[in-house]
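Structural characterization, general
The primary structure of each chain is shown beneath.
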Amino acid sequence: MKDLTPTQLLKASKEFGSPIYVYHGERIEFQYHRLKNAFNGVNVHLHYAMKALNNVNILRIIKKLGSGLDAVSIEEVHLGLRAGFEANQIMYTPNCVSFEEIKEAVALGVIINIDNISILDQFGHEYGNTVPCCIRLNPHIMAGGHSNISVGHIDSKFGISIHQMRHVQRVVETHKIHVNGLHMHTGSDILDAEVFLRGAELLFEAAMPFKDLEFMDFGSGFKVGYKTGDIVTDIEEIGAKISVAFTDFCKAYGKDLALWFEPGKFIVSESGSLLVTANVIKTTTSTVFVGVNSGQNHLIRPMFYDAYHHIENISNPSGTPRLYSVVGYICETDTLGYDRQIPEVREGDILRIKNAGAYAFSMSNNYNARLRPAEVLCYKGELHLIRKAETLEDIIKNEIEVIGL
Ligand SMILES: *Cc1c(COP(=O)(O)O)cnc(C)c1O
């Protein structure tokens, strides 16, 4: 898959400013097909985890591919409906929301995923067998990676423990709840097929007493490369192994179920770049800093997860490589990259921060009263502005000035 060229990226920044997020539409399509094609002989459905990147134009590209959506809040459900998804294409997987919010989702007609026994009980009490629901289980397998993104372990707030299945079954039987699916999402980094399969086996076992299942949802966890040499999910290997395991399970269960996944990062991470300008080169006694016109307000993953994001100097790609720490302009230690070999950076150069498609714009904020950048989509050879940059007006519009203060 051909990447966007420095020329294309520089054109986007010249036309629409800096800092700026640029997304490559074809890359999103490529990733979708790659994942989908990794599963052979099974009825696989993808529900894109829209919390990774939820611009309406991105959602529409993904919808055209035939994908559904995974929404984690009622607001995301509304954004999905606005983008043109049918309610029955949206899986709503909330955590710790009020029962009122779940009732709103039911009224909208989306697929409901429940991750708490108390909510399951309220759901059964309210709807009996009239509204189906999926149940989110926690198989307690460790998916590796940073503790903030491993959600399958024993003290995670996500899902219902696999050790509480008897309790779950009691609640289901009491209210005659129609359970149409079982779900697990173990974390954001699955490093090998074995971890995934261990979780899957537990879910298959848990599925047997539920007679009306239509699908099994294995969440996500597909890892993409952030730097050369990173261990990435071998999607073809995992796909082949899971397809076999799932086919066997369907035989044992006595019915061909659908196999669902909810990829976020895998679909959009590599499609996105954050382009920033080197404001200053600051040489101290120990370090050469590149200070850029961006920071943790536009890309918080390096600070939040210790994530590595590769940084290139697209204004001077053939410059002599030197060692830099690339830092933001926020009044926090917002280091975007420590001790990086980057072709010589001059003040005014445009740097490209890679893997900024997932959890970059969607986690951005207005700290230090800084504004969010514009978003641009490069698709079929054309650049489209898909979100304007914020203005100061945007961040004060809800503020109320009390007269006389
Ligand atoms: C965040 C999330 C995903 C997507 O995770 P990625 O690592 O971005 O693929 C899928 N399912 C659920 C329930 C999530 O919360």
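Everything numeric here is computed off the predicted structure, so don't read it as measured data.

So, how was this worked out
- Residues numbered from 1 in each chain as written.
- Predicted model: local features only at pLDDT ≥ 70, side-chain atom pairs only at ≥ 80, totals over all residues.
- Heavy atoms only, no water.
- Helix = DSSP H or I, 4+ residues; strand = E, 2+ residues; numbered from the N terminus.
- Buried < 20%, exposed > 50% of the residue type's maximum accessible area, 1.4 Å probe, protein only.
- Contact = heavy atoms within 4.5 Å.
- Polar contact = N/O pair within 3.5 Å; in protein donor to acceptor, adjacent residues only side chain to side chain.
- Core = buried A, V, L, I, M, F, W, Y, C linked by side-chain atoms within 4.5 Å.
- Domains from an automatic or database assignment.
- Patch = residues over 30% accessible without salt bridge, like charges linked within 9 Å, V, L, I, M, F, W, Y side chains within 5 Å.
- Areas by Shrake-Rupley, 256 points an atom, 1.4 Å probe, with all protein chains shown as cover.
- Salt bridge = Lys/Arg side-chain N within 4 Å of Asp/Glu carboxyl O.
- Near = heavy atom within 4 Å.
- Nonpolar A, V, L, I, M, F, W, Y, C, P; charged D, E, K, R; others polar.
- Buried area = accessible area lost by both parts, 1.4 Å probe.
- Axes fitted to C-alpha atoms, helices over the stretch in contact; angles between N-to-C directions.
- Parallel < 35°, antiparallel > 145°, perpendicular 65-115°, else oblique.
- Left-handed = near helix turned anticlockwise from the far one by under 90°.
- Expected span 1.5 Å × (residues − 1).
- 1 Å grid on protein atoms, 1.4 Å probe; cavity = no way out; pocket = protein on both sides within 12 Å on 5 of 7 lines; lining within 4 Å.
- Points joined across faces, edges and corners; volume = space filled by probe spheres on them.
- pLDDT = per-residue confidence, 0-100.

Time to look at the environment of Y21. With respect to the helices and strands, the residue Y21 is situated in strand β1 (residues 20-24). Taking the relative accessible area as the measure of exposure, Y21 reaches 0% and is therefore buried. Counting along the chain gives 55 residues from Y21 to E76, while the straight-line C-alpha distance between them is 21 Å. Here Y21 is in contact with S273, L274, H298, A356, A360, F361, S364, P373, A374, E375 and V376, once residues within four sequence places are set aside. A distance of 2.7 Å separates the side chain of Y21 from the backbone oxygen of H298, its partner in a polar contact.

Another point: the nonpolar core. Core analysis: the largest hydrophobic core is formed by 106 residues, its most contacted members being L182, M216 and F218. Per-domain counts for this core show at least three residues from each of domain 1 (54-263) and domain 2 (269-391). Apart from residues lying up to four places away in sequence, L182 is in contact with C134, I135, L137, L203, A206, A207, F210, L213, F215, M216 and D217. In terms of nonpolar packing, the next biggest core, distinct from the first, is built from 12 residues, A12, L275, A374 and L383 among them.

Now for a nonpolar patch on the surface. A cluster of nonpolar side chains, I400, V402 and L405, forms an exposed patch at the surface whose accessible area comes to about 410 Å². Within the secondary structure, I400 is located in the segment after α12 (392-396).

Let us look at the site of the ligand. In the neighbourhood of the ligand, 13 residues make up the surrounding shell, with K51, S220, E262, K265 and Y359 lying closest. The side chain of Y359 places a nitrogen or oxygen atom 2.5 Å from an oxygen atom of the ligand. Protein coverage of the free-state accessible area of the ligand, which is 390 Å², stands at 95%. For the shell around the ligand, the class distribution of residues is 3 nonpolar, 5 polar and 5 charged.

Taken domain by domain, the chain comprises domain 1 (54-263) and domain 2 (269-391). Counting from both sides, the interface comprises 12 residues of domain 1 and, opposite them, 15 residues of domain 2. Here domain 1 packs against domain 2, burying approximately 1,200 Å² in sum over the two surfaces, 57% of which is carbon and sulfur. Along the contact surface separating domain 1 from domain 2 lie 0 salt bridges. Where domain 1 touches domain 2, the interface holds 4 residue pairs in polar contact (both at pLDDT 80 or more).

Before going further, it helps to examine the packing of helix α8 (residues 193-207) against helix α9 (residues 235-253). Each pair of packed helices can be described by the angle between their axes along with the distance between the axes. Between α8 and α9, the least distance of the axes is 10 Å, while the angle of their chain directions is 15 degrees. Accordingly, the angle class assigned to the pair α8 and α9 is roughly parallel. By crossing handedness, the relation of α8 to α9 is classed as right-handed. Between α8 and α9, the contacting residues are A193, E194, F196, L197, E201, F204 and A207 on the first element and E237, I238, K241, I242, A245, F246, F249 and Y253 on the second.

The next subject is helix α2 (residues 25-37). For α2, built from 13 residues, the straight-helix expectation of 18 Å at 1.5 Å per residue is met to within 8% by its first-to-last C-alpha distance of 19 Å. Taken together, the buried positions of α2 are occupied by G25, R27, I28, E29, Q31, Y32 and L35. Contacts from the buried residues of α2 go to β1, β2 (44-49), α3 (56-64), α9, α10 (265-268) and β17 (374-379).

Within this structure, the stated rule accounts for 2 cavities of 30 Å³ or more. Reported here for the largest cavity is a volume of approximately 60 Å³.

A few words now on the packing of helix α6 (residues 117-127) against helix α7 (residues 165-175). Between α6 and α7, the least distance of the axes is 9 Å, while the angle of their chain directions is 10 degrees. One finds that α6 runs roughly parallel with respect to α7. Taking contact as the criterion, the partners of I117, L120, D121, G124 and H125 in α6 are, on α7, H167, V168, V171, V172 and H175. Across the contact of α6 with α7, the residue classes break down as 5 nonpolar, 4 polar and 1 charged.

Counting through the fold element by element, N55 comes out in the loop between β2 and α3. Within polar-contact distance, the side chain of N55 engages the side chain of E375 at 3.2 Å. Separated by 3.0 Å, the side chain of N55 and the backbone oxygen of I386 make a polar contact. Beyond its immediate stretch of four places on either side in the chain, N55 contacts E375, I386 and R387.

Mean pLDDT over the chain stands at 94; residues scoring 70 or higher make up 95%. Across residues 145-151, confidence stays below pLDDT 50; counting only partners more than four residues off in sequence or on other chains, it has 23 contacts.

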